[in-house]
Amino acid sequence: MPAVTLWFWIIKILCTTVGESFADWLSVTQGMGLPTTALISTVALAAVLGWQLHFSHYVPGFYWLTVVVFSVTGTLYTDILTDGFHVPLAVSTSVFAVVLAGVFAVWFARERTLSIHSIVTLPRELFYWLAVLVTFALGTAAGDWTLQVTGWGPGVSVLLPAGVIAAVLIGWRMGANAVLSFWLAYILTRPLGANLGDWIASPRSGQGLGLGPAATSAIFLVAILATVAYLTITRADVIERQAQDRARVVPTTLVQQRIMLGYYVMVAGAVAGLLVWSSGRPHSVAVSDDDAASTPPAVSLTPGQATAHFPPADIAKFRGIVQDTLVKVHAGDRQGAGDRITDLETAWDEDESTLRPMDANGWGVLDRQIDTALKAVRASHPDQAAEVESLNVLLAALR
């Protein structure tokens, strides 16, 4: 394992950003879809993990390649649950949190330590990589859930995980348990890196930097390669002796650890309060049937407001599909209308990763209206009047 230095956290965030943007690039931009992309990444994960476990010492290139692949795979697993099986983010976040707690409990019961610098046996390394995979999945779910609840856009969404990581750093410097602080920061770097990637990749019209997922992935991959090359040459993150490891740990006492544990509880409470407050602010989110009752209602926007921040070409594409669907509904072409509304659903889902960061409010309003149109056209006992009404309302919103 590497030493936990500033280099460790820099490259961890770089890997996390690549995981988010590269997963989106493969599944959406390249049109591979979530299941295929997840299958490929799982095979790659098994291969690089076997490669990593082959070494008896820390090799920067192999270690960080494994982290990148774990980041991509963990992201995809959460996306599959959310988009493929429509599991609410609140549920997946809770499940992954419980799973991670279970991994830590079994790991500690067997090895009596969760320290990254105690990983000197194969069982401990296997526990470590399992925990890493779950932290990526948990960080993805928690980060997406936060955005869903708050409606925050690119840029602003980076501030919360960055602020909480800063609070964890302060707690560690003031005597909090080093292992607890490490794993809290490790989990939080996932939403930080993902939100950073979204901000850089999002178009300028959506308050991002407009580089796109491909360019963002390329830039961060180059940064990772440069950092790994530096660490390989300088060995700046290699622990040579156990005494060096101990020297990096901030001296602390049991009393300090208990006090700082209370501090962490207070930070968690403050974050929860911020999220509750933000969820009550005017914004809209996509709501599934399962969690509609527990999600704040969407705010209505006047025609033109919902599409104000989206590229006109994309809106024209959606309008064209809706108009085709409406024509087929009027003509009584049930099969044709069903096919075209499916085209709309596919196009909308494929563009979600690009459009949603531009304007979460507008995206949420349109998403709800598209869902209404989908249900009307696909109804087992179709009502032409309801279909026409829902499609006309959607057309009005897509101005």
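Refer to the structure above for everything that follows.
Below you will find a few notes about this structure. Since the model is a prediction, treat every value here as computed from it, not as a measurement.

This next bit is on the overall build of the protein chain. Helices and strands together make up the secondary structure of the protein chain, namely 14 helices and zero strands. Seen in sequence order, the protein chain has helices and strands lined up from the N terminus as α-α-α-α-α-α-α-α-α-α-α-α-α-α. Pairs at least 24 apart in sequence give 76% of the contacts found in the protein chain among residues at least 6 apart.

Turning our attention to the environment of Val134. Structurally, the position occupied by Val134 is in helix H5 (residues 122-150). With 53 residues separating them along the chain, Val134 and Ile187 place their C-alpha atoms 9.2 Å apart. Sequence-distant contacts of Val134, that is, excluding residues within four places in its chain, are made with Phe96, Val99 and Leu100.

Here we take up a nonpolar patch on the surface. Residues Leu6, Trp7, Ile10 and Tyr230 make up a contiguous nonpolar surface patch of about 380 Å² in total accessible area. Top element by residues in the nonpolar patch is helix H1 (residues 6-29). It accounts for three residues. Tracing the chain through its elements places Tyr230 in helix H8 (residues 212-234). The partly exposed category is assigned to Tyr230, whose relative accessible area is 37%.

We now examine the nonpolar core. Core analysis: the biggest nonpolar cluster contains 45 residues, and Tyr63, Trp64, Trp107, Tyr128 and Trp183 have the highest contact counts within it. Elements that contribute at least two residues to this core include exactly H1, helix H2 (34-54), helix H3 (60-84), helix H4 (89-111), H5, helix H7 (178-201) and H8. Of all the elements, H5 adds the most residues to this core, at 11 residues. Leave out the neighbours within four places in its chain, and Trp64 touches Pro2, Phe8, Ile11, Lys12, Cys15, Tyr58, Val228, Leu231 and Asp237.

What follows covers the packing of helix H12 (residues 334-355) against helix H13 (residues 360-377). Two elements in contact, H12 and H13, have axes whose closest approach is 10 Å; the angle formed by their N-to-C orientations is 160°. Relative to H13, the element H12 is oriented roughly antiparallel. H12 and H13 meet at a crossing whose hand is left-handed. Residues Arg334, Ala337, Gly338, Ile341, Leu344, Glu345, Trp348, Glu352 and Leu355 of H12 lie in contact with H13, whose contacting residues are Trp363, Leu366, Asp367, Ile370, Ala373, Leu374 and Val377. Residues of the contact of H12 with H13, tallied by class, amount to 11 nonpolar, one polar and four charged.

This part is about the packing of aromatic side chains. Inspection of the entire model under this criterion finds 25 aromatic pairs. Look at Phe8 and Tyr186: their rings are 6.3 Å apart centre to centre, the planes differ by 45°, and that puts the pair in the tilted class. Taken together, the residues Phe8 in helix H1 and Tyr186 in helix H7 connect sequence positions 178 residues apart. Considered together, Phe8 and Tyr186 belong to a single accessibility category, that of buried residues. Geometrically, the ring pair formed by Phe104 and Trp107 is tilted, given 6.2 Å between the ring centres and 35° between the ring planes. Of the two residues, Phe104 and Trp107 are both situated in helix H4; the distance of three residues between them amounts to about one turn of the helix. Owing to a relative accessible area of 15%, Phe104 belongs among the buried residues under this scheme.

Applying the stated criterion across every chain yields a total of eight salt bridges. The salt bridge partner of Glu387 is Arg334, with a shortest N-O separation of 2.9 Å. Placement of the pair is Glu387 in helix H14 (residues 384-397) and Arg334 in helix H12, with a sequence separation of 53 residues. Relative accessible area serves as the criterion here: at 1%, Glu387 is assigned to the buried category. Looking at Arg334, the relative accessible area reads 34%, which means it is partly exposed. The network of salt bridges with common partners includes Arg110, Glu111 and Arg124.

Moving on, we come to the packing of H13 against H14. Where H13 contacts H14, the two axes come as close as 9 Å, and the packing angle between them is 160°. Relative to H14, H13 is oriented roughly antiparallel. Along this stretch, H13 crosses H14, giving a crossing that reads as left-handed. Contact with H13, carried on its side by Leu366, Gln369, Ile370, Thr372, Ala373, Ala376 and Val377, involves Ala386, Glu387, Ser390, Leu391, Val393, Leu394 and Ala397 of H14 and no other residues of that element. Among the residues making up the contact of H13 with H14, the classes are represented as 10 nonpolar, three polar and one charged.

What follows is about H4. The first and last C-alpha atoms of H4 sit 32 Å apart over 23 residues, in line with the 33 Å expected at 1.5 Å per residue. What H4 keeps buried is the set Leu89, Ser92, Thr93, Phe96, Leu100, Val103, Phe104, Trp107 and Glu111. Against the buried residues of H4 lie H3, H5 and H7. Arg112 sits one or two residues past H4 and shows a positive phi near 65°.

Let us look at unusual backbone geometry. The backbone of Arg112 shows a phi angle near 65°, a positive value even though the residue is not glycine. Not every positive phi belongs to a glycine, and Arg235 is a case in point at roughly 55°. Within the secondary structure layout, Arg235 lies in the loop between H8 and helix H9 (242-247).

Its 14 residues place the ends of H14 20 Å apart at the C-alpha level, agreeing with the 20 Å of an ideal helix rising 1.5 Å per residue. Among all positions in H14, only Glu387, Val388, Ser390, Leu391, Leu394, Leu395 and Ala397 are buried. Buried residues along H14 sit against helix H11 (312-330), H12 and H13. Capping the start of H14, Asp383 holds a side-chain oxygen 3.0 Å from the backbone nitrogen of Ala385, two or three residues further along.

Here is what the cut-offs are and how they apply
Residues numbered from 1 in each chain as written. Predicted model: local features only at pLDDT ≥ 70, side-chain atom pairs only at ≥ 80, totals over all residues. Heavy atoms only, no water. Helix = DSSP H or I, 4+ residues; strand = E, 2+ residues; numbered from the N terminus. Contact = heavy atoms within 4.5 Å. Patch = residues over 30% accessible without salt bridge, like charges linked within 9 Å, V, L, I, M, F, W, Y side chains within 5 Å. Areas by Shrake-Rupley, 256 points an atom, 1.4 Å probe, with all protein chains shown as cover. Salt bridge = Lys/Arg side-chain N within 4 Å of Asp/Glu carboxyl O. Buried < 20%, exposed > 50% of the residue type's maximum accessible area, 1.4 Å probe, protein only. Core = buried A, V, L, I, M, F, W, Y, C linked by side-chain atoms within 4.5 Å. Axes fitted to C-alpha atoms, helices over the stretch in contact; angles between N-to-C directions. Parallel < 35°, antiparallel > 145°, perpendicular 65-115°, else oblique. Left-handed = near helix turned anticlockwise from the far one by under 90°. Nonpolar A, V, L, I, M, F, W, Y, C, P; charged D, E, K, R; others polar. Phe/Tyr/Trp six-rings, centres within 6.5 Å; stacked < 30°, edge-to-face > 60°. Expected span 1.5 Å × (residues − 1). Polar contact = N/O pair within 3.5 Å; in protein donor to acceptor, adjacent residues only side chain to side chain.

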